[in-house]
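Analysis of the macromolecular model
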Amino acid sequence: LTDLPGELLELILCCDVLGAADIGRVSCTCRRLREACQPSQGCEMLMLLLICVCLCRWPSLLKYYSHSDSVSWLEEYKARHNAGLEAQRIVASFSKRFFSEHVPCDGFSDIETLGCPSHFFEDELMCILNMEGRKGLTWKYYAKKILYFLRQQNILKNLKEYLQRPTERQSFLEGAVLIDQYCNPLSDICLKSVQAQVDDITDKVRKVLRTKNPRHPSLASKAGEVLIPEVELQRQVLDAMNCVLYEQLKYKGNELDYYNSLNSYIHQVLIRRTGIPISLSVLYLTIARQLGVKLEPVNFPSHFLLRWCQGKEGSTDIFDYTYIDAFGKGKQLTVKECEYLIGHHVTEEFYGVVTSKEVLQRMVGNLLNLGKRESTDQSYQLLRDSLDLYLAMYPDNVQHLMLQARLYFHLGIWPEKVLDILQHIQALDPSQHGAVGYLVQHTLEHIERRKEELGPEVKHRSDEKHKEVCFSIGLIMKHKRYGYNCVIYGWDPACMMGHEWIRNMNVHSLPHGPHQPFYNVLVEDGSCRYAAQENLEYNSEPREIPHPDIGRYFSEFTGLHYLANTELEIRYPEDLELTRATVQKIYSSGKE
């Protein structure tokens, strides 16, 4: 190596088959390279080695650097390495701290005060999430929650910065992307990619427009920067848009699944080519403006619309406008037809233009209503996310502050934050003292109960009262009656539910009624259920259960059963060996 020319040495070290460890060994065994690695010399070889080490080990970091950056790669490597250690420490601590809470929220103070660059910390979390195989399920579970929190905090900062800009610099598309990102922080959504897809549609519109009018001003390279004054030329643009969006690309309003939250997310609207009136209107308005046609948003009741001026610009006469229904394939409506659309008369104020903030308010309001309708998600994630967004825009809205306080109280999370919210409500509206006082009292009681809580309840199978329990933690089961696949994560020697639940579930109709073991199970459809022993049987074809909470209880899937993580094993210390023995007995005999 020492006799090779520098160019050839660089070529060898840049070879794809060499990893970070290989580069490190070369630098440790070759004097020439070791001397080259002294930071004080600042030579190209040092840069080469450290770039190789950093980007071979953490290739996703490449997007944070440009060729023009002057980077101390040795310091970058140290910072990334330390961030990785810190991320692993925090993730490892979460299971013990939050196992008993369905929604771990009040432990993110550690993350808010990170002593390392957040993008390095996030990168390590992504490395954990991308670990191959069926191991590390608990680490992946908590890494996902932490990453969710971190990204939402950054998006919230971006939203607040967006809202502080002058109105003319608040893009409707950017606002829709911010809402989409906040509700889907683990998805790869960025304004640049969404804008690129919108630009692609705009180019298709230009092609259609070119066949109709080759000299149309929207075909100019700087079209969109100057608005087209002639109404007829504007009409040609809208006709071309309708042709591309609704005839060629088959965009349509989602009438069959109107209340699906995906209809509100702009990246999903572009993927699925369907949405609700407001999301389709944002897309329609953005394309029109890029082609020089000024459309304006109208916060029409029950059905969001756009308006297109046919008279003097800025006119206050509602009859000087044509109204466009993006949900209805771009249909152009009169004032009377707008009223027919919703089935009743409305006053002139509902035909007025609204700001980008008011558009976002309505989008978030739609998500809020969907979040209230959710029945399967025990964490009420959509409701929590939409409340966060609404209060970021209107931090002093008493109604939504009270809803947030009640939601956190119901979920039993963030009791300290609940008290802060209630104090803020009391300062804003003293007339709320009755509701505030009730919640304050019960929240303080909750905090005291947490302080008095003893350790976890431990269930030994050797206890006489547990002798009827046949199944153990981690077994893949099948429900005899409903046919669903599930995994056991807890059990009771008898039904521990209240009389009302027992009556509603008709438990007394079972041969053994409530006086038999009952099992907590995670079901493949994402639900959690409480099943009687006589209704469960071993699954002849065990497979992974795609449940979002699987990592909360289990560390690994062996292919035949799940291994309980440390916290679950503490609560059921004798189940692991029984599960292994049961699996060996059942599936080995099955093979024979």
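These numbers come from a predicted model, not from an experiment.

What follows deals with helix α10 (residues 191-212). Compared with the 32 Å implied by 1.5 Å per residue over 22 residues, the 31 Å span of α10 between its first and last C-alpha is a close match. Within the span of α10, buried status applies to Val-194, Val-198, Ile-201, Thr-202, Val-205, Arg-206, Val-208 and Leu-209. Taken around the axis of α10, the buried residues stretch over an arc of 165°, which confines them to a single face. Within α10, the exposed residues directed more than 90 degrees away from the buried face are Lys-192, Lys-207 and Thr-211. Looking at the buried residues of α10, the elements they touch are α9 (172-183), α11 (231-248), α12 (266-272) and α13 (277-290).

This brings us to the sheet that holds strand β6 (residues 331-333). Across a sheet, strands are paired by hydrogen bonds formed along the backbone, either parallel or antiparallel in direction. Spatially, β3-β4-β5-β6 is the arrangement adopted by the 4 strands of the open sheet, whose pairing is antiparallel. The sheet is open, and its two borders are formed by β3 (295-298) and β6, each paired with just one other strand. Across this sheet, the average inter-strand angle for adjacent strands is 35°, counted without regard to direction. Relative to strand β5 (residues 321-325), strand β4 (residues 305-309) runs antiparallel, the two sharing 4 bridges. Paired with Leu-306 across the strands is Ile-324, a residue of β5. Across the sheet, α11 touches β3, β4, β5 and β6, and the angle it forms with β4 is around 150°.

Scanning all chains against the criterion turns up 17 aromatic pairs. With 5.4 Å between their ring centres and 40° between their planes, Tyr-390 and Tyr-394 make a pair best called tilted. Judged by relative accessible area, which is 9%, Tyr-390 ranks as buried. Ring geometry for Phe-471 and Tyr-519: centres 5.5 Å apart, planes at 45°, overall tilted. With a gap of 48 residues between them, Phe-471 in the loop between α19 (433-452) and β7 (476-479) and Tyr-519 in strand β9 (residues 518-523) connect regions that are remote in the sequence. Each member of the aromatic cluster is reached from another via a ring pair, and the members are Phe-94, Tyr-141 and Tyr-142. Looking at Lys-357, its charged tip hangs above the ring of Tyr-394, at a distance of 4.6 Å from the centre. Here Lys-417 stacks its cationic end above the ring of Trp-414, 4.5 Å away from the centre of that ring.

What follows is about the pairing of strand β8 (residues 485-492). Looking along a regular strand, one sees side chains alternate from face to face of the sheet. Counting buried residues in β8 gives 8 out of 8 residues, a clear majority hidden from the surface. Relative to β8, β7 runs antiparallel, the two sharing 3 bridges. For Ile-476, the partnering residue across the bridge sits in β8 and is Val-487. The antiparallel pairing of β7 with β8 creates a hairpin that spans 5 residues between the two strands, and Gly-483 there sits at a positive phi of about 75°. Direction of pairing for β8 relative to β9: antiparallel, over a ladder of 6 bridges. By the bridge assignment, Trp-491 is partnered in β9 with Tyr-519.

On to the pairing of strand β12 (residues 554-557). Across 3 bridges, β12 lies against strand β13 (residues 562-564) in antiparallel orientation. Following the sheet pairing, Phe-554 is matched in β13 by Ala-564.

Under the definition given, this model contains 1 cavity of 30 Å³ or more. In this structure, the largest cavity is lined by Ile-473, Tyr-562, Leu-563, Ala-564, Leu-568, Glu-569, Tyr-572, Asp-575, Leu-576 and Thr-579. Classifying every residue of the lining of the largest cavity by side-chain character gives 7 nonpolar, 1 polar and 2 charged.

Of note in the backbone geometry, Arg-273 takes a positive phi value of approximately 60° without being a glycine. Judged by its relative accessible area of 35%, Arg-273 falls in the partly exposed class. Backbone geometry places Lys-329, a non-glycine residue, at a positive phi of 60°. Looking at the element boundaries, Lys-329 is found in the loop between β5 and β6.

Turning to the packing of α10 against α13, a few remarks are in order. At a closest axis distance of 10 Å, the pairing of α10 and α13 adopts a crossing angle of 60°. Accordingly, the angle class assigned to the pair α10 and α13 is oblique. Seen from above, α10 lies across α13 with right-handed handedness. Taking contact as the criterion, the partners of Gln-195, Val-198, Asp-199, Ile-201, Thr-202, Val-205 and Arg-206 in α10 are, on α13, Leu-283, Thr-286, Ile-287 and Gln-290. Here the contact of α10 with α13 is composed, by residue class, of 5 nonpolar, 4 polar and 2 charged.

As a further point, take the packing of helix α17 (residues 398-411) against α19. The contact between α17 and α19 brings their axes to 11 Å, and the two run at 25°. Taken together, α17 and α19 sit at an angle that is classed as roughly parallel. Between α17 and α19 lies a crossing whose hand is left-handed. Contact with α17, carried on its side by Met-402, Arg-406 and Phe-409, involves Ala-435, Val-436, Leu-439, His-442 and Thr-443 of α19 and no other residues of that element. Across the contact of α17 with α19, the residue classes break down as 5 nonpolar, 2 polar and 1 charged.

Let us now look at the sheet that holds strand β10 (residues 528-532). If you walk across this open sheet you meet the 5 strands as β10-β9-β8-β7-β11, and the pairing is antiparallel. Both outer strands of the open sheet, β10 and β11 (536-538), are each paired with one neighbouring strand and no more. Here the strands of the sheet are splayed against their neighbours by 50° on average, with no regard to which way each runs. Bridge count between β9 and β10: 5 bridges; the pairing is antiparallel. Bridge pairing in β10 places Asn-520 opposite Tyr-530.

Turning our attention to the pattern of salt bridges. Counted by the stated rule, this structure contains 19 salt bridges. For Glu-86, the salt bridge identified is with Arg-89, shortest N-O distance 2.9 Å. Taken together, the residues span about one helical turn, with Glu-86 and Arg-89 both in helix α5 (residues 73-98) at a distance of 3 residues. Taking the relative accessible area as the measure of exposure, Glu-86 reaches 26% and is therefore partly exposed. Across the salt bridge formed by Arg-571 and Glu-567, the nearest N and O atoms sit 3.6 Å from each other. Placement of the pair is Arg-571 and Glu-567 together in helix α22 (residues 566-571), with a separation of 4 residues, close to one helical turn. In this structure Arg-571 comes out as buried when scored by relative accessible area, which is 15%. Taking relative accessible area as the criterion, Glu-567 reaches 10% and is therefore assigned buried.

Of note, Glu-124 is situated in helix α7 (residues 118-129). Apart from residues no more than four positions distant in its own chain, Glu-124 is found in contact with Arg-80, Gly-84, Ala-87 and Gln-88.

Cut-offs and rules
- Residues numbered from 1 in each chain as written.
- Predicted model: local features only at pLDDT ≥ 70, side-chain atom pairs only at ≥ 80, totals over all residues.
- Heavy atoms only, no water.
- Helix = DSSP H or I, 4+ residues; strand = E, 2+ residues; numbered from the N terminus.
- Expected span 1.5 Å × (residues − 1).
- Buried < 20%, exposed > 50% of the residue type's maximum accessible area, 1.4 Å probe, protein only.
- Arc of directions from axis to C-beta.
- Contact = heavy atoms within 4.5 Å.
- Pairing = 2+ DSSP bridges.
- Axes fitted to C-alpha atoms, helices over the stretch in contact; angles between N-to-C directions.
- Phe/Tyr/Trp six-rings, centres within 6.5 Å; stacked < 30°, edge-to-face > 60°.
- Lys NZ or Arg CZ within 6 Å of the ring centre and 35° of its normal.
- 1 Å grid on protein atoms, 1.4 Å probe; cavity = no way out; pocket = protein on both sides within 12 Å on 5 of 7 lines; lining within 4 Å.
- Points joined across faces, edges and corners; volume = space filled by probe spheres on them.
- Nonpolar A, V, L, I, M, F, W, Y, C, P; charged D, E, K, R; others polar.
- Parallel < 35°, antiparallel > 145°, perpendicular 65-115°, else oblique.
- Left-handed = near helix turned anticlockwise from the far one by under 90°.
- Salt bridge = Lys/Arg side-chain N within 4 Å of Asp/Glu carboxyl O.

Without other data, these values stay purely geometric and don't point to any function.
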